[in-house]
Amino acid sequence: MNIKIYRAGALSIAFLMLLLLQNKAIAQIPSTHWAKDGYQYYKVQSGEIVVLDARDAAKKTILLGKEALTPQGQKTIAVRSFYLSADGQKVLLYTNSKKVWRYNTRGDYWVYDFAAKKLTKLGADKPASSLMFAKFSPDASKVGYVSGHNIYVETLADNSIKQLTSDGTDKLINGTFDWVYEEEFFCRDGFRWSPDSKQIAYWQIDASKTKNYLMLNTTDSIYPYVKPVEYPVAGEAPSPFKIGVVGVTGGATKWMDIPTDPVLQSYVPRMEWAANNTELIIQHLNRAQNQSDVMICNVNTGKSNTIYQEKDAAWIDILPEWEEHYYYGGWDWFKKGADFLWASEKDGWRHLYRISRDGKKEKLITKGNYDVMQINAVDETSGYVYFSASPDNATQKYLYRTKLDGSGKAERLTPMNEPGTHEYDVSPNGKTATHAFSNYYTDGVNEVVSLPGHKTFDGSEKVAKAVAASAANKSKSNVEFFKIKTEDGVEMDGWMVKPNNFDAAKKYPVVLYVYGEPWGQNVKDENGSSFNFMYTGDMAADGYIYMSIDNRGTPVPKGREWRKSIYKGIGTINIRDLAMGTKQMLKERSYLDTSRVAVWGWSGGGSSTLNLMFQYPEIFKTGIAIAAVGNQLTYDNIYQERYTGVPVDADGRAAYTKGSPITYAKNLKGNLLYIHGTGDDNVHYQNAELLINELVKYNKQFQLMLYPNRTHSISEGPGTSMHLRTLYTNYLREHCAPGAR
């Protein structure tokens, strides 16, 4: 749920990032389209698709110009994304996109054939902007796509269309997913081509028994109307799944025999072809998400067999939950399908393993007391996996590589004199990478580097020069990173932005920014990470101390125990950490004014804000909670049950009650501003009314702002963003007055 905000670009960029922040994950921006040579890459630039060369910044070739991208008698296609066929002879163009829940995953697709010099629109008989997840067959002769919850294959030679499924409805979903699979497992693209281009494997989700949450639209017509969303709350069984395989010429689907609990149900969040045309590989999770079975399914018989199993006392994270490059699928195979790459926390750290196809042999690849933060590239030819980690500082991120056979030690490729956060898109053969860098006192810089030497091809060394040039800024920066140890012995990272002309002999108001749940790391050494995107003025100039702390349970690279200690403790363990961390800061730093302590957050951060205000009213005097979960039993089953257990009985529901803000609403003493959008399909408006009832019951006065028909981002409609920020700023200034005393 947490995307850092960069100061560059002012509010427009900041608020754009905020919108993404509230949805747990950003829609994956496709990785750099690298050419096979590992040096050239493709981009959309000035409305054209161009070929660039990492070795020569001045070199640019137009692959598809505006003329080629202009259908006869129509406007030039505005390319949102594109995909080259494996043979490089065709390009698939995505345009005119529309939102499905949170992401623009439906639209129009066109194919440009270089040999024929022809541009053709796919799905000619389908409604505009109705195609989803179109992709070339491996032999580039066809394109598969989803439309109206059914799967189609279009032959490019004559644009004939074959419908492969016909039973798709709003409730029986083929080739894509329901709301909760998309939101919590990042499952969107729900079908896969076989390597020989003759079959398609796909998910079918049966949401017919999943209850609808009824959202009421009261603004878009004179008579209000209901907008139903299939939404399984915690305690409700998930929509049953099926995995099927169908031939591209049509015929019956062969369904895989995957065991599931007939009452509790289970999940299959990952599925791919198993490096051949006769088997699938899937990851199967039980309802509690604490047992993972990797299974091989025979597509001819449907029989499935578990080859690798893992259990955890808390929960098991699937790969896309922490690695965005796998949002749209992917499985890393070696030795022509003999081994595959796997990530696990079973030794206490998130590490990469090499697992044999039968699951009987495994080899630890990354070794040491550190977490793999990202898989940047797998290059079997050279025998390396490139990954990101930060063994010594959980607020930073660096590039490493190590041998795929598990021999030797990890080698840091990021220069040692560039402290901060580094992002890389490594070419498939590991020869080069796009590189982005910043830290709290250095503005963001981009370059292209060669690997493993980590040098720019033209000798510009932009990042190195930026670091050197900004060295003097470090001592001048208002930002301070700190570690704080609570009375419970928990040490946490934090940052603090001090006021301009800071005087340690005076006292300043404190504003704590929180998230606090397993989807948000606030304390990152990135430029702009401490910028308050909701404040309309300059907090430092106005005399505020702005602060954030990452509690236990947040997804920082400090090992399994740190992250999973929050199991069945959301709303209690994280809240105590944040409260005790703040308490210790107030004790150690006399310039923090204990009478002016405010806290704010959005979504999970809104829930943390409420719990801090209600459970620790002696510390927090003012709170601004946005789009908060008031009662954990109202939130979706995949997320809430993963971290709080399956509430099948009174004992199971106890942790939900214990962690919910409404349980403690009667303790409110300070100033509370509560904000929610009535059209929120993620954290439903119901949470607001449940909370309001409790506050009214105990005569607890507070301020309420509801934004009609706005979603979780509270961004729709003219003036909304500025109104929200103005409301936030005015309330903070009124109830937590700025300036030194």
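Residues numbered from 1 in each chain as written. Predicted model: local features only at pLDDT ≥ 70, side-chain atom pairs only at ≥ 80, totals over all residues. Heavy atoms only, no water.

A. Local environment of the sheet that holds strand β31 (residues 411-412). Read across the sheet, four strands follow the order β28-β29-β30-β31 without closing on themselves; strand pairing throughout is antiparallel. Each having just a single partner strand, β28 (374-379) and β31 make up the two edges of the open sheet. (Pairing = 2+ DSSP bridges. Helix = DSSP H or I, 4+ residues; strand = E, 2+ residues; numbered from the N terminus.)

B. Region of the structure containing the sheet that holds strand β10 (residues 142-147). Judged by pairing direction, the sheet is antiparallel, and its four strands sit side by side in the order β9-β10-β11-β12 without closing on themselves. Lying at the two open borders of the sheet, with one neighbouring strand each, are β9 (132-136) and β12 (160-163). On average, adjacent strands in this sheet sit at an angle of 20° to one another, irrespective of strand direction. Note: β9 against β10, three bridges, orientation antiparallel. Paired with methionine 132 across the strands is valine 146, a residue of β10. (Axes fitted to C-alpha atoms, helices over the stretch in contact; angles between N-to-C directions.)

C. Geometry of helix α11 (residues 720-735). Taking 1.5 Å of rise per residue, 16 residues should cover 22 Å, and α11 covers 23 Å from first to last C-alpha, within 8% of that figure. Turning to α11, its buried residues are Thr720, Leu724, Arg725, Leu727, Tyr728, Thr729, Tyr731 and Leu732. (Expected span 1.5 Å × (residues − 1). Buried < 20%, exposed > 50% of the residue type's maximum accessible area, 1.4 Å probe, protein only.)

D. Geometry of the packing of aromatic side chains. Counted by the stated rule, this structure contains 38 aromatic pairs. When the ring of tryptophan 179 is compared with that of tyrosine 231, the centres are 4.8 Å apart and the planes differ by 45°; the resulting orientation is tilted. Taken together, the residues tryptophan 179 in helix α2 (residues 179-185) and tyrosine 231 in the loop between β17 (225-230) and β18 (241-247) connect sequence positions 52 residues apart. Taken together, a centroid distance of 6.0 Å and an interplanar angle of 65° make the contact between tyrosine 181 and tyrosine 267 edge-to-face. Pair noted here: tyrosine 181 is in helix α2 and tyrosine 267 is in strand β20 (residues 266-273), with a separation of 86 residues, a long-range link. A single burial state applies to tyrosine 181 and to tyrosine 267, both of which are buried. A network of ring pairs unites the aromatic residues Trp495, Tyr513, Phe533, Tyr546, Trp600 and Tyr728 as a single cluster. Above the face of the tryptophan 255 ring, lysine 242 is positioned so that its terminal group lies 4.9 Å from the ring centre. (Phe/Tyr/Trp six-rings, centres within 6.5 Å; stacked < 30°, edge-to-face > 60°. Lys NZ or Arg CZ within 6 Å of the ring centre and 35° of its normal.)

E. Inspection of the environment of phenylalanine 334 at higher detail. Mapped onto the fold, phenylalanine 334 is located in strand β24 (residues 333-334). Using a relative accessible area of 1% as the deciding quantity, one classes phenylalanine 334 as buried. Once residues within four sequence positions are removed from consideration, phenylalanine 334 is found in contact with Asp339, Phe340, Leu341, Arg354, Val378, Glu380 and Leu404. (Contact = heavy atoms within 4.5 Å.)

F. Geometry of the pattern of salt bridges. What the rule picks out here adds up to 33 salt bridges. A salt bridge links glutamate 345 to arginine 563, with the nearest nitrogen and oxygen atoms 2.8 Å apart. A residue pair is termed long-range when its members are at least 10 positions apart, and glutamate 345 in the loop between β25 (339-344) and β26 (351-356) and arginine 563 in helix α5 (residues 560-564) qualify at 218 residues. The pair glutamate 345 / arginine 563 is uniform in exposure class, with both members buried. Across the pair arginine 576 and glutamate 487 runs a salt bridge, and its minimum N-O distance is 3.4 Å. One end of the pair, arginine 576, is in helix α6 (residues 573-588); the other, glutamate 487, is in the loop between β36 (479-485) and β37 (491-497), and 89 residues separate them in sequence. You can call arginine 576 partly exposed: its relative accessible area is 30%. Here the salt bridges do not stand alone but share partners, grouping Asp312, Glu345, Asp371, Arg560, Glu561, Arg563 and Lys564 into one network. (Salt bridge = Lys/Arg side-chain N within 4 Å of Asp/Glu carboxyl O.)

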